[in-house]
Amino acid sequence: MVAESIQYITENPIFTFILLLLVSLTIPPIFERLNLPGLVGLLFAGIILGENALGLLDSESETMVLFSEVGKIYLMFVAGLEINLAEFRKTQDRSIGFGFLTFIVPLTMGTVVGLSFDFGWNAAILIGSLLASHTLLGYPIINRLGILNNESVTVTIGATIFTDIAALLVLAICVSIHQGDFSTASLVLQLALLVGYGALVLFGLSWLGREFFQRNGDEEGNQFLFILLAVFLASVGAQVINVDKIVGAFLAGLAVNDVVGKSPVEEKIEFVGSTLFIPFFFVGMGLLLDIPAFINNLLYEFPLTFSIVGGLLLSKFIAAAIAKQIYRYSWAETLTMWSLSIPQVAATLAAALVGFRVGLISESVFNAVIVLMLVTSMLGPVLTRRFGRLLPSSGKDIALTTVKVSPSTDRFKIVVPIANPSTKDYLLEAAGLLTRIRQGVVMPVSIVTGHAHMDDPAVMTGIDRSQSLLQEAIAQGEQLQITMQPKIRIDDDVAAGISRVAREENANLILMGWGKTEGLKARLLGTLIHNVCWSAHCPVAVVRLLDDPKNLRRIMVPFKGISAQNLQMVQFAELLAIANQAEVTVFHVCETWMTKDQRNLLKADLENALQNAGITTKMQIRIIRYHDVAKAILHDAKDFDLVILHSTRYRTAGGLAVGDVTTKISSQIQTSVVIFNEL
């Protein structure tokens, strides 16, 4: 009876879903604390929960197959969606050049390895294609080091688009050859279908997406559903032409890349994927691992595993070295390019799973690819951190879009939404301090939700309430001797209304109050603050003050690297410092390996960057070494009245979220905070 009950529970789809949710919630953070990638933890969880251990999950069950397939499609879609097309276009020729090199050299090396171990040509070429792509796991590291604008880094990022597409095309051809009779005519037909289908998805879906988004306005729910429909239709379409669904998913990601942009819809798409389906895929990968066979593979098939891992490392290095000679890069740039192109996660794992399921590659190759993923996902970021620090920071000649007076007006304008009575007073006072220095104007704004009929009682009630709020704001402005320009706006969307007023009035800054901490609902559906930050044309400062703005005498600005966004924060701090005669400390947490001379050089770079940005106020620069940035900031923040943070979130093309330092700090800090959004 007990055994039957246990069997019923384990075969229940709801139990499977609950178990996957529990694993996704708990396992990745544990492994990240051990300085291991979270995806390694998910693979490990799949092994433990599979038939070789606890037997709680079955890789062949309909539920697990569905989750794994959706996760695989979502993984490749997000990989395409996250490729930075703008960076690719900046160095298009060199990105294609290095992309070709870092594709063809590993492809050749992998093919030679496959042939050396008696695999057929088709399987050997597929093995080569598994080595040819790369996943940008080192992106957060190079951003933190401030080297994103280095040409060699930009070229490597741009090369991702070439390597991923080329590797998936090779996969499609190899699988189609494996599943049917090979002939020159069938190969030409398959290539023609691939080219035609790729063009249809890339151009047709991109056009359709732009038309839908333009006609649909700001309905994010419909936009989200449209994107999901598009990716799964593209996946099914790929199967129609005898190509694996992951090719269609990746092409769909590229197609809607420009359409979605860095919008709230993109974040919701990535959030759903990185929270649910992509972790499920990695757990499913772990379920497929036969532990006895995996151990035997390491013991008795070690030459194959060593050749694949070693061939990947060597071939990627050769490709980077050739690029060095062609483009005249330094060795530091070359080694950074090599380290960035090493990790094999997204396309490699998805393609390996496809090849394994259709019987094109053996279990020993599949196990070797798992080892390859484990080695490169840990080695790549380590080497990127090691070599990236040798490159000069890219903070020179930055074109700032900072808090400055617009050329079309002599007045410095700050828009202050006043719907929340609990934040209205100190927001207006803080805005008054800033505008007093610049002889500007504060624009309290109240948004009335529109209806189809403008004589609707709800509209009239909203207008009456807005007028009452604005009268209170005007009275407060008179007491503080602030120049006011109140505005009432009727709009269907509050966030859009605030952004439109700011654009129409050519405002220099939007100042908003910070309410409750974002929860799951807020992350899925979006918040007013997030939507304003995304749509606004000017900087948005989100404020949580625990004291009167006049008492902000000590201001701390954590400074991650020399960038336009970070310099915006310092210029904002300078305005507050002048208004309050406050002291500003620019605070930087560097790597623990940095010597005193290196820290002094970094300090000099920061001083030059501040001077070049027009910062005239004397500021203290404090640089400390510590392994945990958030803890260091939280520790020193106790000695300050206000901390100004920069809002940034990173994700890797592997689809798993990377911890956001700002989120961690803002949830624990015990002092006043301003969060400056990234433009």
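Every value quoted in this text rests on a predicted model; they were computed, and no experiment measured them.

A. The arrangement of the pairing of strand E9 (residues 642-647) in detail. Most of E9 sits inside the fold, with 5 of its 6 residues counted as buried. Two strands pair when backbone bridges link them, and strand E6 (residues 554-558) and E9 are joined in this way by 2 bridges, in the parallel orientation. By the bridge assignment for E9, Met556 is matched with Val643. In this sheet, strand E12 (residues 672-677) lies alongside E9 in parallel orientation, the contact comprising 6 bridges. Bridge assignment links Leu645 to a residue of E12, and that residue is Ile675.

B. Looking closely at a nonpolar patch on the surface. Residues Leu314, Ile318, Ile322 and Ile326 make up a contiguous nonpolar surface patch of roughly 310 Å² in combined accessible area. Assignment of secondary structure puts Ile318 in helix H16 (residues 302-327). We classify Ile318 as partly exposed; its relative accessible area is 33%.

C. Up close: unusual backbone geometry. One non-glycine residue with positive phi stands out, namely Arg328, at about 60°. In this structure, Arg328 sits in the loop between H16 and helix H17 (331-340). A positive phi angle is found at Asn506, which is not glycine, with a value near 55°. Residue placement: Asn506 occurs in the loop between helix H22 (494-504) and strand E4 (509-513).

D. Layout of the sheet that holds E4. Spatially, the 10 strands line up as an open sheet ordered E3-E2-E1-E4-E5-E12-E9-E6-E7-E8, and their pairing is mixed. On the outer flanks of this sheet lie strand E3 (487-491) and strand E8 (620-625), each paired with one strand and no other. Averaged over all pairs of adjacent strands, the angle between their axes in this sheet comes to 25°, without regard to strand direction. Contacts from helix H21 (residues 457-480) reach strand E2 (441-449) and E3, with the element oriented near 160° to E2.

E. Broad picture of the side chain of Thr585. With respect to the helices and strands, the residue Thr585 is situated in strand E7 (residues 583-590). The buried category is assigned to Thr585, whose relative accessible area is 6%.

F. Geometry of the environment of Leu349. Along the chain, Leu349 falls in helix H18 (residues 346-357). Look at Leu349 and you get buried, because its relative accessible area is 0%. Measuring from C-alpha to C-alpha, the distance between Leu349 and Leu130 comes to 8.1 Å, with 219 residues separating the pair along the chain. Aside from chain neighbours lying at most four places away, what touches Leu349 is Phe281, Phe282, Met285, Val369, Ile370 and Met373.

G. Structural detail: the environment of Ile418. One can find Ile418 in the loop between strand E1 (413-417) and helix H20 (421-438). With 52 residues separating them in the primary sequence, Ile418 and Leu470 have C-alpha atoms 7.9 Å apart. Excluding residues within four positions of it along the chain, Ile418 makes contact with Lys424, Leu428, Pro444, Val445, Ser446, Leu469, Leu470 and Ala473.

H. Structural detail: the packing of helix H2 (residues 13-33) against helix H3 (residues 38-49). The geometry of H2 relative to H3 is characterised by a closest axis approach of 8 Å and an angle of 130° between their N-to-C directions. As judged from the angle between their axes, H2 and H3 are oblique. Regarding H2 and H3, the two cross each other, and that crossing is right-handed. Only Gly38, Val40, Gly41, Leu42, Phe44, Ala45 and Leu49 of H3 make contact with H2, whose side of the interface consists of Leu19, Val23, Ser24, Ile27, Pro28, Phe31 and Glu32.

I. Fine view of the pattern of salt bridges. The final tally for this structure, using the stated rule, is 7 salt bridges. Put simply, Arg489 and Asp491 hold a salt bridge, and the shortest N to O gap is 3.9 Å. Since its relative accessible area comes to 18%, Arg489 is described here as buried. Residue Arg622 is joined to Asp636 by a salt bridge in which the shortest nitrogen-to-oxygen separation is 2.8 Å. Here Asp636 lies in helix H27 (residues 629-637) and Arg622 lies in strand E8, a separation of 14 residues in the sequence. The class of Arg622 is partly exposed, set by a relative accessible area of 34%. Taken together, the shared-partner salt bridges connect Arg489, Asp491, Arg500 and Glu504 into one network.

J. Structural view of helix H4 (residues 62-81). Under the 1.5 Å per step criterion, the end-to-end length of H4 is 28 Å for 20 residues, consistent within 8% with the ideal 28 Å. Within H4, 17 of the 20 residues are buried, which leaves the element mostly enclosed by the surrounding structure.

K. Structural view of the confidence of the model for the protein. When pLDDT is averaged along the protein, the result is 76; 82% of the residues meet or exceed 70. The secondary-structure element of the protein with the lowest mean pLDDT is helix H23 (residues 520-525), recorded at 41, while H16 shows the highest, at 88. Counting interchain partners and residues more than four positions distant, the pLDDT-below-50 stretch residues 394-409 has 39 contacts. In the predicted structure, residues 517-526 sits below a pLDDT of 50 and forms 16 contacts with residues beyond four places in sequence or in another chain.

L. Fine view of the packing of aromatic side chains. Enumeration over the complete set of coordinates arrives at 12 aromatic pairs. Ring-pair connections join several aromatic residues into one group, and the members of that group are Phe17, Phe67, Tyr74, Phe77, Phe277 and Phe280.

M. Highlighting the pairing of strand E5 (residues 540-544). E5 sits mainly inside the fold: 5 of its 5 residues count as buried. Along E5, one buried face is formed by Val540, Val542 and Arg544 and the opposite face, lined by Ala541 and Val543, is buried too. Here E4 pairs with E5 via 4 bridges, running parallel. Bridging across to E5, Gly513 finds its partner in Val543. In this structure, E5 lies alongside E12, joined through 4 bridges in antiparallel fashion. Across the sheet, residue Arg544 finds its bridge partner in E12, namely Val673.

N. A look at H16. Its 26 residues place the ends of H16 37 Å apart at the C-alpha level, agreeing with the 38 Å of an ideal helix rising 1.5 Å per residue. Downstream of H16 by a residue or two, Arg328 has a phi angle that is positive, lying close to 60°.

What counts and what doesn't
Every chain is numbered independently, its residues counted from 1 as its sequence is written. The predicted nature of this model means local features are confined to residues of pLDDT at least 70 and side-chain atom pairs, given and counted, to a pLDDT of 80 or more, with totals for whole chains, interfaces and linings taken over all residues. Only hydrogens and water are set aside; all other atoms, that is, all heavy atoms of the structure, feed into the side-chain values. Remark: exposure states derive from per-residue accessible area (1.4 Å probe, protein chains only) relative to the maximum for the residue type, with buried under 20%, exposed over 50%, and partly exposed in between. Only DSSP runs of H or I with at least four residues qualify as helices, and only runs of E with at least two residues qualify as strands; both kinds are numbered from the N terminus onward. The pairing criterion is simple: DSSP has to find at least two bridges between the two strands. Only residues whose relative accessible area exceeds 30% and that form no salt bridge enter a patch; like-charged residues are grouped when within 9 Å of one another, and nonpolar side chains (Val, Leu, Ile, Met, Phe, Trp, Tyr) when within 5 Å. Note on areas: Shrake-Rupley with a 1.4 Å probe; residue coverage comes only from the protein chains shown. Salt bridges are counted wherever a side-chain nitrogen of Lys or Arg sits within 4 Å of a carboxyl oxygen of Asp or Glu. To define axes, lines are fitted to C-alpha atoms, for helices over the stretch in contact only, and angles between the resulting N-to-C directions are given on a 0 to 180 degree scale. Contact between two residues is taken to exist if any of their heavy atoms lie within 4.5 Å; hydrogens are not considered. In these notes the angle categories are as follows: under 35 degrees is roughly parallel, over 145 is roughly antiparallel, 65 to 115 is roughly perpendicular, and the rest is oblique. Two helices that cross are described as forming a left-handed crossing if the nearer one is turned anticlockwise from the farther one by less than a right angle, and a right-handed crossing if clockwise. Each residue after the first adds 1.5 Å to the expected span of a helix. Here pLDDT means the predictor's own confidence in every residue, given as a number from 0 to 100. Aromatic rings from Phe, Tyr and Trp, taking only the six-membered ring of Trp, are treated as a pair when their centres fall within 6.5 Å; an angle between ring planes under 30 degrees marks them as stacked, one over 60 as edge-to-face, and anything in between as tilted.

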